[in-house]
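Residue strings, one per chain:
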Amino acid sequence: MPEEAIKNEGEIENVRVVVRVRPMDKNELDCGSQNVIKVDKSNRSITVVKPGANSSEPPKVYYFDNVFGEDSTQT
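As the structure is a computational prediction, the values presented were derived from the model and not from experiment.

**A few points about the sheet that holds strand E2 (residues 37–40)**
Turning to step 1, where the next piece is worked out: The strand order E2-E3-E4 describes an open sheet built from three strands, whose pairing is antiparallel. In this open sheet, the two edge strands, each paired with only one partner strand, are E2 and strand E4 (60–63). Along the sheet, successive strands turn relative to each other by an average axial angle of 20°, direction set aside.
Turning to step 2, where the next piece is worked out: Pairing of E2 with strand E3 (residues 45–48) involves four bridges; the strand directions are antiparallel. Within E3, the position partnered with Ile-37 by the bridge is Val-48.

Have a look at this one:
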C-alpha cells in the first residue's frame, strides 16, 4: 500500500462543488446569443438546453452542492 494511502486510511475527504452562472456579457447580447442555462436554486441544479434541439432530446440537468444564478454577486 502506498505511504499516502496508509496515512489517509480512515480519513474522509469531503469535496463540495459550487457553481455560479455568470450573466451574459455585452458581446453575447449584441450577437443575439441566447441563454441556454437555467438555474434552480431550490433543487441546487443547473439545466442546460441545447439550442435547436428536437423534442426527443431532453435538456441536461446537473446537481451540485450549491448553485448561484446570474443575479448573485462576487464579494
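So, next bit.
**A closer look at the pairing of E3**
Turning to step 1, where the next piece is worked out: Connecting the antiparallel pair E2 and E3 is a turn made up of four residues, with Arg-44 showing a positive phi of about 55°.
Turning to step 2, where the next piece is worked out: Note: E3 against E4, four bridges, orientation antiparallel. For Ser-45, the partnering residue across the bridge sits in E4 and is Tyr-63.

Calculation criteria
- Residues numbered from 1 in each chain as written.
- Predicted model: local features only at pLDDT ≥ 70, side-chain atom pairs only at ≥ 80, totals over all residues.
- Heavy atoms only, no water.
- Pairing = 2+ DSSP bridges.
- Helix = DSSP H or I, 4+ residues; strand = E, 2+ residues; numbered from the N terminus.
- Axes fitted to C-alpha atoms, helices over the stretch in contact; angles between N-to-C directions.

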